[in-house]
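What follows is each chain in one-letter form.
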Amino acid sequence: MKTYTAHVTVSLRRAILDVQGKTVERALHSLHMPALSNVRIGKYVELTVQAPDEDRARELVDDACKKLLSNPVMEDYSFRLEERVASGAVA
């Protein structure tokens, strides 16, 4: 069994108004940072996955994203996997 770290990013779909993002954008502008715009607020989730191979690990993470970590009506998600290598071992 291999061990992977999944890095998941969840964000509102572009068509959905990001109220938190707009609030942060206004605050940035009030702090004299007008060059910063189009702020979007999301979630970052990191988790450990044990699976026989990378394909199965991807399936497990994708399933978790669809069923729990994101709201498929309003949010999009993406993730990347990193295989954990035991100390002293070469990947």
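As shown above, the structure is provided for reference.
Residues numbered from 1 in each chain as written. Predicted model: local features only at pLDDT ≥ 70, side-chain atom pairs only at ≥ 80, totals over all residues. Heavy atoms only, no water.

A. Representation of unusual backbone geometry in the model. Of note in the backbone geometry, H32 takes a positive phi value of approximately 65° without being a glycine. Within the secondary structure layout, H32 lies in the loop between α1 (19-30) and β2 (42-51). When its relative accessible area of 71% is taken as the criterion, H32 is described as exposed. One non-glycine residue, N38, adopts positive backbone phi at about 55°. Tracing the backbone through its elements, the reader meets N38 in the loop between α1 and β2. Its relative accessible area of 62% is what places N38 among the exposed residues. (Helix = DSSP H or I, 4+ residues; strand = E, 2+ residues; numbered from the N terminus. Buried < 20%, exposed > 50% of the residue type's maximum accessible area, 1.4 Å probe, protein only.)

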